[in-house]
Amino acid sequence: MRLCLLVALFSCLSWQPSFGQQPGAKPGDKFSYHPADPLNAAAFDHFYDMDYDSAIQEFTQIQKRHPDDADAVNHLLTAVLFHELYRIGALSAGEYASDSFVDTQHHGADPRTCDEIKSLAEKAQAIEEKRLDANPNDAAALYSRGVTRGEFATYTALIEHAWFSALRNAVGARRDHEKVLELDPQNVDAKLIVGAHNYVIGSLPWSLKAASSAVGLGGNKEKGLDYLHDAAASDSETRIDAKILLVVFLRRERRFDESLQIIRSLEPQYPHNVLFVMEEGNLLRAKGEDRDAEAIYRRVWQDGRNGKYSGLHYEIAAVALGDLLRSEKNYAGAAAAYDMMNEVAKPDPEMAQKAALGAGEMYDMLRNRDLAVKRYQAAVAVDSGSSLAETARKRIKEPYTGS
């Protein structure tokens, strides 16, 4: 049942936003943003390069200049939402390559930001509904409403953990974009959500797929990937979104070389995006190329220390490196990697706690109990109420033995 509730989440969850194609635009046409505004190009670049503060400032200015444009509101909504998802630690590609994101605990979201997200979603939908009341076949308004519903599905799932609400909004997003494709078959942007939804439902076990079909939610994995490839190959704004989703889905399919090719094409475009380069390392590790993955993690760490990823949590590389070396039973190397976290002035609390716990376990394996206990105590001090802190308290009482 839980998988059924999550079906539609992936259809709305690219790590970056879905932005609308100009009505009537054809693949290959010179791209123009909607609404037309000179700040759009810079705002998009800042967003994909994870400079969320600049992107939010620019999208805010655009929205103020176009107060009745739903796309302008959606752009700002997406920037605010994904800034908050990154802040709480919910943008790890590895979690979405499996289903671990369902149970993973993250930092609590900021209530004021949550209110802003809900307010923006309501504002965008009010504009969209007004247009659809006047013309139910307004393809541009249907597309915009699908984006709003998709983003709100992501919010309700990953921040509020309200799965039924997420499902309802995500299904609504799919219905809106299927209608867009009926009205305008050349609209490749609408293929993003429809394609992702097809892939997810098409990937379900037969019994769940049959249950989904019984309530009108059919899916075909190959069709889904084809739709995403169409969007990725287009000149539309959703081409980046489609590529990101393909990275996740191809990884789930263990088609690592294809996924690597896509992520490597994105890295030069957005060199400040630490998640892109980290995902290359994670893909290499999943493929079994551990030394190449290790080199990526060490490079991210060093680049971060040199200031390349200013404002971002490059210290995730220390945890990834520690985990890799730990899997190879290189306990001394893993402990040293985890301890690199101590060099960061203000690390992400979740990463700091994981590193401290991991280091403690490695020191236990190395028979250095005093140092192990100090690391466990440091883990508890970060956040005494977390599940990681509970594990650390158990380790203080009983040494970790590897089991």
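Refer to the preceding data block for the structure.
Just so it is clear, the model here is predicted, and its values are computed rather than measured.

Q: Any chance you could explain the pattern of salt bridges here in plain terms?
A: Any two side chains of opposite charge can pair if their charged atoms end up close together. A full pass over the atoms with the stated rule returns 28 salt bridges. Glu 160 is paired through a salt bridge with Lys 118; the nearest N and O atoms lie 3.8 Å apart. You can see Glu 160 sitting in the loop between helix H7 (139–158) and helix H8 (163–183) and its partner Lys 118 sitting in helix H6 (residues 111–134), a full 42 residues away along the chain. Under the relative-accessibility criterion, Glu 160 is labelled partly exposed at 38%. Of the charged contacts in the structure, one is a salt bridge between Arg 175 and Glu 178, with a shortest N-O distance of 3.4 Å. Within this pair, Arg 175 and its partner Glu 178 are both found in helix H8, separated by three residues, close to a single helical turn. You can call Arg 175 partly exposed: its relative accessible area is 35%. With a relative accessible area of 22%, Glu 178 lands in the partly exposed category. Each of Glu 129, Arg 145, Arg 149 and Asp 176 takes part in one network of salt bridges that share partners.

Q: Quick question: what am I supposed to make of the packing of aromatic side chains here?
A: Aromatic ring pairs are described here by two measures, namely the spacing of the ring centres and the angle between the planes. This model, assessed by the stated rule, comprises 10 aromatic pairs. Both rings, one in Phe 44 and one in Phe 59, keep their centres 5.6 Å apart while their planes meet at 80°; by these two values the pair is edge-to-face. Of the two residues, Phe 44 sits in helix H2 (residues 40–48) while Phe 59 sits in helix H3 (residues 52–65), which places them 15 residues apart along the sequence. Accessibility classification places Phe 44 together with Phe 59 in one group, the buried group.

Q: Would you mind showing me how to read the nonpolar core here?
A: Soluble globular proteins tend to pack their nonpolar side chains together in the buried interior. Membership of the largest hydrophobic core comes to 101 residues, with the highest contact counts inside it found for Phe 47, Phe 59, Leu 85, Phe 249, Val 274 and Val 300. Formed by 10 residues, the second largest nonpolar core is a distinct cluster that contains Ala 141, Val 180, Ala 190 and Val 194.

Q: I tried to follow the packing of helix H13 (residues 256–266) against helix H14 (residues 274–287) on my own but got confused; where do I start?
A: Between two packed helices, both the angle of their axes relative to each other and the distance between the axes serve to describe the pair. In the contact formed by H13 and H14, the axes pass within 9 Å of each other and the chain directions differ by 165°. Classified by the angle their axes make, H13 and H14 are roughly antiparallel. Crossing angle aside, the handedness with which H13 passes H14 is left-handed. When H13 is examined against H14, the residues Phe 256, Asp 257, Ser 259, Leu 260, Ile 263, Arg 264 and Leu 266 are found in contact with a partner set consisting of Phe 276, Glu 279, Glu 280, Leu 283, Leu 284, Ala 286 and Lys 287.

Q: Which parts of the structure should I look at to understand the packing of helix H15 (residues 290–305) against helix H16 (residues 316–327)?
A: Interaxial distance between H15 and H16 falls to 9 Å at its minimum, and their mutual angle equals 155°. In terms of axis orientation, H15 runs roughly antiparallel to H16. For the crossing formed where H15 meets H16, the hand is left-handed. Along its contact with H15, which presents Asp 290, Arg 291, Ala 293, Glu 294, Tyr 297, Arg 298, Val 300 and Trp 301, the element H16 presents Ala 317, Ala 318, Ala 320, Leu 321, Leu 324 and Leu 325. A breakdown of the residues in the contact of H15 with H16 according to their chemical character gives 10 nonpolar, no polar and four charged.

Q: I tried to follow H15 on my own but got confused; where do I start?
A: The periodicity of an α-helix, 3.6 residues per turn, causes residues three or four positions apart to be oriented the same way. Here H15 spans 23 Å end to end across 16 residues, near enough to the 22 Å set by a 1.5 Å rise per residue. For H15, the set of buried residues is Asp 290, Ala 293, Glu 294, Ile 296, Tyr 297, Val 300, Trp 301, Asp 303 and Gly 304. Contacts from the buried residues of H15 go to H14 and H16. Immediately beyond the C-terminal end of H15, within one or two residues, lies Gly 307, with a positive phi of roughly 95°.

Q: What's the story with unusual backbone geometry in this structure? I'm lost.
A: In terms of backbone geometry, most residues other than glycine have negative phi values and most peptide bonds are trans. Non-glycine residue Met 50 carries a positive phi angle of around 65°. Phi at Arg 367 takes a positive value of approximately 65°, unusual for a residue other than glycine. With respect to the helices, strands and loops of the structure, Arg 367 is situated in the loop between helix H18 (349–365) and helix H19 (369–382).

Q: Can you walk me through helix H4 (residues 70–87) in this structure?
A: If you check H4, its first and last C-alpha atoms are 26 Å apart, about what 18 residues at 1.5 Å a residue would give, namely 26 Å. Most of H4 is tucked away, with 16 of its 18 residues classed as buried. Two or three places before Asp 71, at the start of H4, stands the capping residue Asp 69, its side-chain oxygen 2.9 Å from that residue's backbone nitrogen.

Q: Teacher, can you tell me more about the side chain of Ser 236 here?
A: Looking at the secondary structure, you find Ser 236 in the loop between helix H11 (221–232) and helix H12 (239–252). Under the relative-accessibility criterion, Ser 236 is labelled buried at 1%. At 2.7 Å, the side chain of Ser 236 forms a polar contact with the side chain of Asp 189.

Cut-offs applied
Residues numbered from 1 in each chain as written. Predicted model: local features only at pLDDT ≥ 70, side-chain atom pairs only at ≥ 80, totals over all residues. Heavy atoms only, no water. Salt bridge = Lys/Arg side-chain N within 4 Å of Asp/Glu carboxyl O. Helix = DSSP H or I, 4+ residues; strand = E, 2+ residues; numbered from the N terminus. Buried < 20%, exposed > 50% of the residue type's maximum accessible area, 1.4 Å probe, protein only. Phe/Tyr/Trp six-rings, centres within 6.5 Å; stacked < 30°, edge-to-face > 60°. Core = buried A, V, L, I, M, F, W, Y, C linked by side-chain atoms within 4.5 Å. Axes fitted to C-alpha atoms, helices over the stretch in contact; angles between N-to-C directions. Parallel < 35°, antiparallel > 145°, perpendicular 65-115°, else oblique. Left-handed = near helix turned anticlockwise from the far one by under 90°. Contact = heavy atoms within 4.5 Å. Nonpolar A, V, L, I, M, F, W, Y, C, P; charged D, E, K, R; others polar. Expected span 1.5 Å × (residues − 1). Polar contact = N/O pair within 3.5 Å; in protein donor to acceptor, adjacent residues only side chain to side chain.

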